[in-house]
Structure formats: C-alpha cells, structure tokens
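Spelled out from the first residue to the last, the chains are:
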Amino acid sequence: MTAQLATDHRTSRRGATAFGLSIGLIAAVLGGVLAGAADVGLGDVAHVIGFKLGLVGDERLADGVLWAVRIPRVLAAALAGGLLAACGAALQGVLRNDMADPQLVGILPVAGLGGVVGIALGGAGSTEVGVMVGGAIAGSVAALLIRRVAMRIGDPSQFVLVGLVLGLTALAWLGAVVAAWDSPLLPTFSFWVFGGLSGATWSLLGAALPLAVAAGGVLAAVARRLDLVALGEREARHLGVDVGRVSSLTLVGCGLAAGAAVGLAGIVGFVGLVVPLSLRNAIGPSHGWLISLSALGGAAAVVVLDTVARTIVAPVEIPVGLLTAGLGGPVFVWALLRSHRWAQ
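Overview of the structure. (Residues numbered from 1 in each chain as written. Predicted model: local features only at pLDDT ≥ 70, side-chain atom pairs only at ≥ 80, totals over all residues. Heavy atoms only, no water.)

Comments concerning the layout of surface pockets
Consideration 1: The volume enclosed by the second largest pocket comes to roughly 420 Å³.
Consideration 2: Lining the second largest pocket are 25 residues, and of these P187, F191, G199, L204 and G263 sit closest to its centre.
Consideration 3: Elements that contribute at least two residues to the lining of the second largest pocket include exactly α5 (127–152), α7 (189–194) and α10 (243–265).
Consideration 4: With three residues, α5 is the largest single contributor of residues to the lining of the second largest pocket.
Consideration 5: Class assignment for the residues of the lining of the second largest pocket results in 14 nonpolar, nine polar and two charged. (1 Å grid on protein atoms, 1.4 Å probe; cavity = no way out; pocket = protein on both sides within 12 Å on 5 of 7 lines; lining within 4 Å. Points joined across faces, edges and corners; volume = space filled by probe spheres on them. Helix = DSSP H or I, 4+ residues; strand = E, 2+ residues; numbered from the N terminus. Nonpolar A, V, L, I, M, F, W, Y, C, P; charged D, E, K, R; others polar.)

A word on the pattern of salt bridges
Consideration 1: Taken as a whole, this structure holds four salt bridges when the rule is applied.
Consideration 2: R280 is the salt-bridge partner of D98, the closest N and O atoms lying 3.8 Å from each other. Within this pair, whereas D98 is found in the loop between α3 (61–94) and α4 (107–122), its partner R280 is found in helix α11 (residues 271–283), the two being separated by 182 residues in sequence.
Consideration 3: In this structure R280 comes out as buried when scored by relative accessible area, which is 16%. (Salt bridge = Lys/Arg side-chain N within 4 Å of Asp/Glu carboxyl O. Buried < 20%, exposed > 50% of the residue type's maximum accessible area, 1.4 Å probe, protein only.)

A word on the environment of V45
Consideration 1: Secondary-structure assignment places V45 in helix α2 (residues 42–52).
Consideration 2: In this structure V45 touches V33, L34 and L66, once residues within four positions along its chain are discounted. (Contact = heavy atoms within 4.5 Å.)

Comments concerning the environment of L104
Consideration 1: Note that L104 resides in the loop between α3 and α4.
Consideration 2: Using a relative accessible area of 5% as the deciding quantity, one classes L104 as buried.
Consideration 3: The spacing of L104 and G167 is 63 residues in sequence and 7.4 Å in space, taken between C-alpha atoms.
Consideration 4: Discounting chain neighbours no more than four positions away, the residues touching L104 are M99, V160, G163, L164, F270, L273 and F332.

Focus on the packing of helix α8 (residues 202–229) against α10
Consideration 1: Across the interface, α8 lies against α10 with an axial gap of 8 Å and an inter-helix angle of 150°. For the element pair α8 / α10, the angle class is roughly antiparallel. You can see that α8 and α10 cross each other, and the crossing is left-handed. Residues L204, L205, A208, L211, A214, A215, V218, L219, V222, R225, L226 and V229 of α8 touch α10, and the partners they reach there are V246, L249, T250, G253, C254, L256, A257, A260, G263 and L264. (Axes fitted to C-alpha atoms, helices over the stretch in contact; angles between N-to-C directions. Parallel < 35°, antiparallel > 145°, perpendicular 65-115°, else oblique. Left-handed = near helix turned anticlockwise from the far one by under 90°.)

Concerning the nonpolar core
Most often, soluble globular proteins keep nonpolar side chains buried together rather than apart.
Consideration 1: With 91 residues, the main nonpolar core has L91, M132, W192, L264 and I291 as its most contacted residues.
Consideration 2: Counting residues per element, this core draws most heavily on α3, which supplies 17 residues.
Consideration 3: Every residue in contact with M132, bar those within four places of it in the chain, is listed here: L204, A207, A208, L211, G259, A260, G263 and L264.
Consideration 4: Within the second largest apolar cluster, eight residues are counted, among which are M99, L104, V160 and L273. (Core = buried A, V, L, I, M, F, W, Y, C linked by side-chain atoms within 4.5 Å.)

Things to note about α3
Consideration 1: Along its 34 residues, α3 runs 49 Å from first to last C-alpha, staying within 8% of the 50 Å computed at 1.5 Å per residue.
Consideration 2: At W67, α3 shows its largest kink, close to 40°.
Consideration 3: Burial of α3 is extensive: 26 of the 34 residues sit out of reach of the surface.
Consideration 4: Just downstream of α3 lies R96, where phi reads positive at about 50°. (Expected span 1.5 Å × (residues − 1). Bend = angle between axes of the 7 residues up to and from the residue.)

If you want it as structure tokens, here you go:
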C-alpha cells in the first residue's frame, strides 16, 4: 500500500510538472513574440498567422517583423533549448554522471567545429544543411569518444576536465578556421563561443527539424533501457540489456541534438546541466519522463533567456550563452561539491 501511494504521488507530480512546464513554454513563446522594439499585440500575432494561412487578405507592417524575425527566432530558441536539455538528461543517464552537460564534456564545441567544416564542404547553396549535418556528425563522434574516456576515468572532476580540454581544443581550431577563412557564409566567432539567435530564419529551422525529430525518436526509443543502464552496466547486462548498443544509440541521438542546437543557436552551455538536475528530484530518475520534461523546461528557459538577452539593454543584444553560463556556473559548482561529498 505504501509503495502504491508513493507511485501515485510521483505520477501526480509528473503530471503536474508536465502541465506547468507546458503552460510556461506557451507563456514564454507568447512573451518572446510580443517583446521587442516594435510594438505588437496578440491581435497582430493572430493576423499574421491568418494572413499566412490565407484567411486574411490584407498584410500589415507588423506582419513582416513578426514572421521574418520574431517568430522564427522564438521557435529556434525553443527548439535549441529543448534539444540541449534532452541531450543533457540522456548524457547524465548513459554516463551515470550528474555533471554531464553537452558543453562541459566537449560535445557542443566539437559540433561547432563540425558545423564550420560542413559549411565549407557544402558551399554557398547549402549553408543551413551543411552546418546541421557537419555538426551532427562531429557531435556524435565526440559523444562516442567521451564515453570511451568515461569508461576509463572514475573521478567526475577528471572526467569533466578531459571534456573541457576537448572543448577548448575544438574552439581553438574553430577560431583558427573562422579567422583564416574570412567568408560571409560563416557566423562570427562570438556566435560559436557565446551563442546567439539573431540569425534564426525559417530555412534554418527547416534544416534543423529533421535532425531534431531523429534525435527525439532515438532518445525516446532508448529511454526505458537507460533506466537500467543508469543502475550500472553489469546490472543492466544481467537484466538482458545490450549496454553497448543502447549507449551508442543514446550518444548518436545526443550528437544529432547537439548538431541541430549548435546550428540554430551556437554554443549555449549549461542548459543540459541545470534543467535535468532541477527536474530529477521532483519527478524521479525515469528517463522517459526526465528527457521529455527536460525538453519542455529547456525550451521555455532558452526562450525566456533569449528574450531577456535582446530586450534588457536594447538596442544592444547580450549573447544568450553568457546568461546561461552566468546562471549555470554556480549550479555546476554545487553539483561538483555534492558529488565529492557523496564520494567521501
């Protein structure tokens, strides 16, 4: 009876959390679309949607601002934030390390380097596709490499240090390529280092969407088995789980998510650390719930932070990655101290 009550209580908390995060995401998206230098209201949003659907005949001046700038930017922020948080939740499960974050372990910087290579190989006609595909391939390779490292290093601080070194090395090469290849096809170096959504377009969203769907499908497929892998590889094998296959699929899914997120928003760190850590105590360790709700929470968080970044000192825009780092850095220190306390 006690176990059943505990299960029912956790289920109700998960439902309430899902509802709250969904409402929060809707509010964040609406707030992001409405906030800005040009004064628009809900009526303008409804009008531009009606115009694009052919329900309204006359076009307004506000339609261009909303459709060409704000709506794709807010949707890109939501998609990038959701992918980063879902990736972080999956990484923490497969690596069995609460401090695993796509940026801290080096996946995002390597994906950024891969995106630059993808642009170079793709040429002017396929910049959006090139950055997504290159980022996804490089991110997947980096994720698989990090697991190899994690299998050999038990100390979380050393493990994160290796990831930081890998990330810094990738950023150094990325900076060299951007500096040497002075091309309008390439985003600026600050985009890759600090992130930003000012260049979000419908075509960029279109290029990211297939990777996002593929990443979501892969992570959803392995979520239940991740619950067993998180118990330990030996225990999972005894329960009939092909640990190598599940881990590889999870990491490839994370690589796809990282490639799409980097192509949309550059390197935005700590979202994949803070959001899953915040939700795990509330909803439990079930990865089916954790990955899904982390995606909702990450989407809402990045939309809110990007709205703040572009409005708080307008017309100057703060890179959104600076805000996520400023908020996520203390959480990382807390998680690091907690892991050492448990290890003693």
